[in-house]
Amino acid sequence: MIEPTSILSGLIIGILFGFALQRGRFCMNSAFRDIILLKEYTLLKAVIVAIIVSMLGFHVMASLGIIQLNPKSFFWGANIVGGFIFGIGMVLAGGCASGTTYRVGEGMVGSFVALLGFMMSAVITGSGALREVKSYLQTTTKITITEPGPLVTTTNTSPTLANIIGVDPWIVVIVIAIIGIGVLAWKRKGGEKTEGSLSEKIFKRGWSWWATGIVIGIIAMIAFPASAAAGRNYPLGITGGWSTFLNTLTKGDANVLSWETFLVIGVVIGAAIAAGIAGEFKLRAPGPRRLVQQFIGGLLLGIGAVIADGCNIGHILSGVPQLAIGSIIAGFSIIIGCWVTAYILLMRK
Amino acid sequence: MSGELKPTETLDVRGEVCPYPDVMTQKKVKSMKSGEILEVLIDYPLSAERIPESIKKMGHEVLKVDKTGASEWKILIKIK
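Read on for an overview of the structure. Given the structure is predicted, the values throughout are model-derived calculations rather than measurements. (Residues numbered from 1 in each chain as written. Chains lettered and ligands numbered in written order. Predicted model: local features only at pLDDT ≥ 70, side-chain atom pairs only at ≥ 80, totals over all residues. Heavy atoms only, no water.)

## With respect to the pattern of salt bridges
Stated precisely, the cut-off is as follows: By definition here, a salt bridge exists when the distance from a side-chain nitrogen of Lys or Arg to a carboxyl oxygen of Asp or Glu is within 4 Å. In this scheme, a residue with accessible area under 20% of its type's maximum is buried, one over 50% is exposed, and one in between is partly exposed, where area comes from a 1.4 Å probe on protein chains only. Here a strand is any run of E in DSSP of at least two residues, a helix any run of H or I of at least four, and the numbering for each starts at the N terminus.
Counted under the stated rule, the structure contains 19 salt bridges over all chains. One salt bridge in this structure joins glutamate 132 of chain A and arginine 131 of chain A, with 3.9 Å as the shortest N-O distance. Exposure remark for glutamate 132 of chain A: the relative accessible area of 53% places this residue in the exposed category. With relative accessibility at 40%, the residue arginine 131 of chain A sits in the partly exposed group. Arginine 14 of chain B is paired through a salt bridge with glutamate 72 of chain B; the nearest N and O atoms lie 3.4 Å apart. Taken together, the residues span a long stretch of sequence, with arginine 14 of chain B in the loop between β1 (9-12) and α1 (20-31) and glutamate 72 of chain B in strand β4 (residues 72-78) at a distance of 58 residues. Among the charged side chains, a network of salt bridges with common partners joins Glu106, Lys282 and Arg284 of chain A together with Asp12, Arg14, Asp43 and Glu72 of chain B.

What follows is the structure, encoded as structure tokens:
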């Protein structure tokens, strides 16, 4: 059974995360899709800032001995196939795993329908009818290393950008941070929102991309030791939270509840609070065709995330900053799936 | 609103999900003639912030963004 302190820490960090997601409109589906669809880079910049902040934060904390990094496994077949399916799913669902979750808190019924599909298929793929597909892809294409290298927990055999070339992770971290900051400097224009008093800026208006990125990066940072203290040595995640939630409900077994379960519940609450304060909460739904589309999108999100062993949060926001090769491959695959689907669905004349 | 700005057409994208409000607004704007005014009714916060930006980038004029209720906005666009 999960400890009450773990429940509380998961809920609190989830509420903060949900609040920040709603205020920053932080959705990776929009971030990646809009590069090609609207030639818009505002949310992408927020994602880059969040990755840089959490990457630096994780490595500082690991260097100080507060945490031990725990990069996800590299199984190229599962990372590529799962990521691609997830990328298709997020365009159809109108949101990634975190985007769909926070929009439930805004009262968007379409996202709630997508979430139902997401939860269902996460359980189906994790422990139900599709579990063999997942197991096959994960076991047959898995690549491990023998030396995890510094800052990584000793039992971990996942390849990272640092340990495959045998350099100190800090060298890789600094190179990536410089590249990221370069991209931000090049595309810095646009998306600043400066009007209004400080409390208006925080509670009433959408946050600027840099504020959003910094806040989400810091939340990802504090999530790591908090989650590790609850026996789950990993920072933020969404998919595991929802699948444990549904597993607990359907199987009546509270032992599967984890820190991540309470994190996702917190995200919905935090987003609802943020939307309520800003006057952006409203129960609303699109037409029946779109609802069906979002449900199918949700199903693909769950199948893809479980096959790839992570969604956009588990891989892009949590795994990439730990330099995990599996997360980087899954991340690229998510983006390709998103672009292909956005092109076919939204851009073809 | 004392009728000083009569919209030529109204586009209601309330209830729609990301990114349909943006895509539908851009499509509508492209189909309209210079000088006409488009009124967009919207309830999706991200697009309510993003549409005025992208419309300005397309070279049109955003006359007004009014918050009309809980998560509801009205955007008035003048086609250039």
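## Details of the interface of chain A and chain B
Where we set the bar: Throughout, a residue-residue contact means that at least one pair of heavy atoms, one from each residue, lies within 4.5 Å. Buried area counts how much accessible surface, traced with a 1.4 Å probe, disappears from two parts once they are put together, with both parts' losses summed.
Of the residues lining the interface, 30 residues belong to chain A; the matching set on chain B comes to 23 residues. In terms of surface lost to chain B, no three residues of chain A exceed Leu38, Lys282 and Arg290 of chain A, which account for 24% of the buried area on that side. Taken together, the connections running from chain A to chain B amount to seven salt bridges. Residue arginine 284 of chain A pairs with aspartate 43 of chain B through a salt bridge whose shortest N-O separation is 3.8 Å.

## Let's talk about the packing of aromatic side chains
The cut-off we apply is this: A pair of Phe, Tyr and Trp rings is counted when the ring centres sit within 6.5 Å of each other, with Trp represented by its six-membered ring. The angle between the planes then sorts it: under 30 degrees is stacked, over 60 is edge-to-face, the rest tilted. Distance and angle both matter: a charge sits over a ring if NZ of Lys or CZ of Arg is within 6 Å of the ring centre and within 35 degrees of the ring normal.
What the rule picks out here adds up to three aromatic pairs over all chains. For the pair phenylalanine 19 of chain A and tryptophan 207 of chain A, a centre-to-centre distance of 6.3 Å together with 45° between the ring planes defines the contact as tilted. Highlighted residues: phenylalanine 19 of chain A in helix α1 (residues 4-24) and tryptophan 207 of chain A in the loop between α9 (198-203) and α10 (209-229), separated in sequence by 188 residues. Residue phenylalanine 19 of chain A is classed as buried on the basis of its relative accessible area, which comes to 16%. For tryptophan 207 of chain A, a relative accessible area of 13% puts it in the buried group. For the cation-ring pair, lysine 187 of chain A lies above tryptophan 186 of chain A, with the distance from its terminal atom to the ring centre recorded as 4.6 Å. Above the face of the tyrosine 20 of chain B ring, arginine 290 of chain A is positioned so that its terminal group lies 3.3 Å from the ring centre.

## A word on the nonpolar core
It is characteristic of soluble globular proteins that their nonpolar side chains tend to be buried jointly. Note the cut-off: Throughout, nonpolar core names a set of buried Ala, Val, Leu, Ile, Met, Phe, Trp, Tyr and Cys residues whose side chains join them through atoms within 4.5 Å.
Membership of the largest hydrophobic core comes to 101 residues, with the highest contact counts inside it found for Phe17, Met28, Leu236 and Ile238 of chain A together with Ile42 of chain B. Sort the elements by how many residues they give to this core and helix α3 (residues 42-63) of chain A lands first, with 13 residues.

Functional significance is not addressed by these values, which are geometric in nature.
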